[in-house]
Every structure is written in structure tokens, then in C-alpha cells.
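# Chains, contacts and geometry: an overview
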Amino acid sequence: MLENYYGERATDEQRKRQLAVAAALEIAKASVGAGNGISGARTEYDLQSVAKEIAPLADAIQAALEKA
């Protein structure tokens, strides 16, 4: 989904960020897709909550990888 976001001339930092954001999106997707016992479609609240956390989650993933 984000493979060519920065194009072919992406810097190493851009590639690292792209991977961290992709990982955060996968976690968010799993979180929103998790059943909570309430029937029906995802609510606007669910999506807004996840959207607020994508950047901080990507930051945390990136920071954790840089410590390794």
C-alpha cells in the first residue's frame, strides 16, 4: 500500500519511516478488525481513535528498532 510513497529515490530515513508507518497501519488494521462483541460496522469513533495513534505508534516502532 505504501511501497512507492517516496518514489524510487527515497532516502534511508524515508524508507525506515515508511516501514514503521506500514507496521503501525497493520497493527491498527488488526485493532479495528478485532471483534468486541458489538454487531455492526466499525464506528467513526474507532477510526478516529486509530488515526490519532498511527504517528505515535510508528514513532515507537521506529525508536524500538533504532535501539537494536
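Quick note: structure is the one above.
Notes on the structure follow. Quick caveat: nothing in here was measured; it's all calculated off a predicted structure.

Helix and strand counts for the protein stand at two helices and zero strands. Buried positions account for 16% of the 68 residues belonging to the protein. Counted over contacts in the protein with a minimum sequence separation of 6, partners at least 24 positions apart contribute 57%. Carbon and sulfur atoms form 57% of the exposed surface of the protein, whose accessible area is close to 5,500 Å².

Another aspect to go through is the pattern of salt bridges. Taken as a whole and judged by the stated rule, the model has four salt bridges. A salt bridge links D12 to R15; the shortest N-O distance between them is 2.8 Å. Of the two residues, D12 and R15 are both situated in helix α1 (residues 12-33); the distance of three residues between them amounts to about one turn of the helix. R15 sits in the partly exposed class, given a relative accessible area of 40%. Measuring nitrogen to oxygen at the nearest pair gives 3.2 Å for the salt bridge that ties K29 to E26. One end of the pair is K29 and the other is E26, both in helix α1 and three residues apart, which spans about a single turn. Judged by its relative accessible area of 45%, E26 falls in the partly exposed class.

For the rest of this paragraph, the subject is helix α2 (residues 44-67). Taking 1.5 Å of rise per residue, the 24 residues of α2 would be expected to cover 34 Å, and the 35 Å separating its terminal C-alpha atoms lies within 8% of that figure. The largest bend in α2 amounts to roughly 40° and is located at I54, with the proline P56 lying one to four residues further along.

Turning to the side chain of Q18, a few remarks are in order. Within the secondary structure layout, Q18 lies in helix α1. Apart from the residues lying within four places of it in its own chain, the contact partners of Q18 are L2, E3, N4, Y5 and Y6.

Now for the nonpolar core. Formed by A20, A24, A28, V32, V50, I54, A58 and I61, the largest nonpolar core amounts to eight residues. Contributions of two or more residues to this core are made by α1 and α2. When sequence neighbours within four positions are dropped, the list of residues in contact with A24 reads I54, L57, A58 and I61.

Rules used in this analysis
- Residues numbered from 1 in each chain as written.
- Predicted model: local features only at pLDDT ≥ 70, side-chain atom pairs only at ≥ 80, totals over all residues.
- Heavy atoms only, no water.
- Helix = DSSP H or I, 4+ residues; strand = E, 2+ residues; numbered from the N terminus.
- Buried < 20%, exposed > 50% of the residue type's maximum accessible area, 1.4 Å probe, protein only.
- Contact = heavy atoms within 4.5 Å.
- Areas by Shrake-Rupley, 256 points an atom, 1.4 Å probe, with all protein chains shown as cover.
- Salt bridge = Lys/Arg side-chain N within 4 Å of Asp/Glu carboxyl O.
- Expected span 1.5 Å × (residues − 1).
- Bend = angle between axes of the 7 residues up to and from the residue.
- Core = buried A, V, L, I, M, F, W, Y, C linked by side-chain atoms within 4.5 Å.

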